[in-house]
Amino acid sequence: MEDIEDAVPAGAPPGFRLPKMTVGIRPRKPTALRNCSPPQPSVSSSINGFSTVPGTQTIYVKTFGCSHNQSDSEYMAGQLSAYGYTISENPEHADVWLINTCTVKSPSQSAMETLIHKGRAAKKPLVVAGCVPQGSKDLKELDGISLIGVQQIDHIVEVVEETLKGHEVRLLKRSTLPALNLPKIRKNKFVEILPINVGCLGACTYCKTKHARGHLGSYTVSALVDRVKTVIAEGVKEIWLSSEDTGAYGRDIGVSLPILLKALVAELPPDRNTMLRIGMTNPPYILEHLEEIANIMLHPCVYSFLHVPVQSGSDSVLNAMKREYTISEFRFVVDTLMRLVPDMQIATDVICGFPGTPAARMRKVPTSEVKKRSRELTNIFESFTPYVGMEGRIERVWITDSAADGIHLVCTILY
């Protein structure tokens, strides 16, 4: 089925809220017109036992995937709450399920499919958002379900309204970037996840996210600075810059990541009560900015942490992946940051079993063996003693959350 798109006039500002009649719908009744303006419900109207009076229902929001997805869910929940809907973590008592999906790893997509099956069995109206419908809209699991794309989250209210009326909505066309000042309900009130751009400039052969998030689209420096000012005033104590590739920021609008970071750091409170964390970057687009990035990380309110995926230790495999860098360039990134930034912490990713490698030809390991190896790795991890020798020392730490056990706190040591 072709996408049913909104009719926002050309040049409409990001975050523009559609009048209700401009959202294309697909009524479930075969006799109804595909793009008709739906009738306005009366107070007593209902479909399948659910009230269709807008803003009176409870919505269960489930998020899979990265921090960018989490931010999108927070924005969607904020808009729905502002319109009168109740956001709940209890799926059984909710009138609608909003499922924000991830397409990077198979387990996340499988979990989405399981949740959809549960929702259908419970006869819950479903709205699926995120990278799965954006990149794979024709999946049979999505048949008959309302879909909303990654750049249409500012229209979630309309999609939910029409879904509650029994209509199927597909709003997947990429448009202008959603505004950053939309209502938002943070999962952690102290942490603001701030998307600085969407998409990337890469063409990695294994990546499905590119099909969903698309080509690079950066927010302006001024828009991001305004957002930082706002969230600091709201009491946020930690800002996570989120992106599919932080290092590529601004290349589409004539600026660079160092220009943005310097502008954002300038807005951090002088009393040092708000920390900034830089998001994941691929090696190619940070190489030319390494010294500037290192200088920014020396700021007392910027974490000396960076996520730089290597994906493979073989140049031939990296070339087959179309990663656009070599192992020596990855080493240069790591070595430079480790040399210039004291106590620098770097996280990375490795892909196992890429097509054409010996691992790809190996037989699948039995589930029992997978669990056994997982337990062994867990035991190795728990054997580490990183805090030996710290007894009696006074450290500056940042506390923004409680641990899963509800007893301990999650702390970050600030060097």
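Residues numbered from 1 in each chain as written. Predicted model: local features only at pLDDT ≥ 70, side-chain atom pairs only at ≥ 80, totals over all residues. Heavy atoms only, no water.

### A word on the confidence of the model for the chain
Then, number 1: Considering every residue of the chain, the mean pLDDT works out to 86; 87% of them sit at 70 or more.
Then, number 2: pLDDT under 50 marks residues 1-24. Its contacts with residues more than four places away, or in other chains, come to 63 contacts.
Then, number 3: Confidence drops under a pLDDT of 50 for residues 29-45, and excluding neighbours within four residues, the segment shows 28 contacts in the predicted structure. (pLDDT = per-residue confidence, 0-100. Contact = heavy atoms within 4.5 Å.)

### Thoughts on the sheet that holds strand β11 (residues 191-195)
Then, number 1: The sheet built from three strands is open, its strands ordered β11-β14-β15 with parallel pairing. Looking along the sheet, the strands with just one partner apiece sit at the ends: β11 and β15 (275-277). Going across the sheet, the axis of each strand differs from the next one's by a mean of 20°, ignoring polarity.
Then, number 2: Here strand β14 (residues 238-242) pairs with β15 via three bridges, running parallel. Among the inter-strand pairings, E238 is bridged to a residue of β15, identified as M275.
Then, number 3: Running over the sheet, helix α6 (residues 221-233) touches β11 and β14 and is turned about 170° from β11. (Pairing = 2+ DSSP bridges. Helix = DSSP H or I, 4+ residues; strand = E, 2+ residues; numbered from the N terminus. Axes fitted to C-alpha atoms, helices over the stretch in contact; angles between N-to-C directions.)

### Here we look at the environment of Q134
Then, number 1: Relative to the helices and strands, Q134 resides in helix α3 (residues 131-135).
Then, number 2: Sequence separation between Q134 and T103 is 31 residues, and the spatial gap between their C-alpha atoms is 9.6 Å.
Then, number 3: Leave out the neighbours within four places in its chain, and Q134 touches G149, V150, Q151, L172, R174, H211 and A212.

### Some details on α6
Then, number 1: Here α6 spans 18 Å end to end across 13 residues, near enough to the 18 Å set by a 1.5 Å rise per residue.
Then, number 2: Regarding α6, the residues found buried are V221, L224, V225, R227, V228, V231 and I232. All buried residues of α6 project into a common sector of 160° when viewed along the axis, lining one side.
Then, number 3: Positive backbone phi, approximately 100°, marks G235, located one or two places after α6. (Expected span 1.5 Å × (residues − 1). Buried < 20%, exposed > 50% of the residue type's maximum accessible area, 1.4 Å probe, protein only. Arc of directions from axis to C-beta.)

### Here's the deal with the packing of helix α7 (residues 257-265) against helix α8 (residues 290-297)
Then, number 1: Orientation of α7 relative to α8, taken along the N-to-C sense of each, is 15°, at an axis distance of 10 Å. By the angle between their axes, α7 is roughly parallel relative to α8. Pair α7 / α8 crosses with left-handed handedness. Of α8, the residues touching α7 (which contributes L257, P258, L261, K262 and V265) are E292, I293 and I296. (Parallel < 35°, antiparallel > 145°, perpendicular 65-115°, else oblique. Left-handed = near helix turned anticlockwise from the far one by under 90°.)

### Concerning unusual backbone geometry
Then, number 1: At R272, a position not held by glycine, the phi torsion is positive, near 60°.
Then, number 2: Here R272 lies in the loop between α7 and β15.
Then, number 3: Residue classification places R272 among the partly exposed positions, given a relative accessible area of 43%.
Then, number 4: A positive phi angle is found at D343, which is not glycine, with a value near 60°.

### Quick notes on the packing of α8 against helix α10 (residues 327-340)
Then, number 1: Between α8 and α10, the shortest axis-to-axis distance is 10 Å and the interhelical angle comes to 35°. Regarding α8 and α10, the two cross each other, and that crossing is right-handed. Across from L290, E291 and A294 in α8, the residues of α10 making contact are F332, V333, T336, L337 and L340.
Then, number 2: Taken together, the residues that form the contact of α8 with α10 break down as six nonpolar, one polar and one charged. (Nonpolar A, V, L, I, M, F, W, Y, C, P; charged D, E, K, R; others polar.)

### Focus: the sheet that holds strand β10 (residues 170-171)
Then, number 1: Spatially, the six strands line up as an open sheet ordered β5-β4-β6-β7-β8-β10, and their pairing is parallel. Two strands bound the open sheet, and with one partner strand each, they are β5 (86-88) and β10.
Then, number 2: Note that strand β4 (residues 58-63) and strand β6 (residues 96-101) share five bridges and pair parallel. Across the sheet, residue Y60 finds its bridge partner in β6, namely W97.
Then, number 3: Seen against the sheet, helix α1 (residues 67-82) touches β4, β5, β6 and β7 (126-130) and runs at an angle of roughly 155° to β6.
Then, number 4: The strands touched by helix α2 (residues 106-121) are β4, β6 and β7; relative to β6, the strand with the most contacts, the crossing angle is about 170°.

### Considering the pairing of β7
Then, number 1: The buried count for β7 comes to five of five residues, which makes it a mostly enclosed element.
Then, number 2: Going residue by residue along β7, you find L126, V128 and G130 tucked away on one face and V127 and A129 tucked away on the opposite face as well.
Then, number 3: Sheet topology places β6 next to β7; five bridges connect them, and they run parallel. Bridge pairing links N100 to A129 in β7.
Then, number 4: Inspection of the sheet shows β7 paired to strand β8 (residues 146-148) by three bridges, in the parallel sense. Bridge pairing links A129 to I148 in β8.

### Things to note about the pairing of β4
Then, number 1: Across three bridges, β4 lies against β5 in parallel orientation. Looking across to β5, one finds that T58 is bridged to T86.
Then, number 2: Taken together, β4, α1 and β5 form a β-α-β motif whose crossover is right-handed. (Right-handed = clockwise from strand over helix to strand, strands pointing away.)

### Here we look at the pattern of salt bridges
Then, number 1: Within the structure shown, the criterion is met by 14 salt bridges.
Then, number 2: Put simply, K184 and E192 hold a salt bridge, and the shortest N to O gap is 3.2 Å. Accessibility assignment for this pair places K184 and E192 in one class, buried.
Then, number 3: One salt bridge in this structure joins R251 and E288, with 2.8 Å as the shortest N-O distance. With R251 in the loop between β14 and α7 and E288 in the loop between β15 and α8, this residue pair connects regions lying 37 residues apart in the sequence.
Then, number 4: In this structure E288 comes out as exposed when scored by relative accessible area, which is 55%.
Then, number 5: Several salt bridges converge on common partners, so that one network encompasses E74, K184, R186, E192, R227 and E234. (Salt bridge = Lys/Arg side-chain N within 4 Å of Asp/Glu carboxyl O.)

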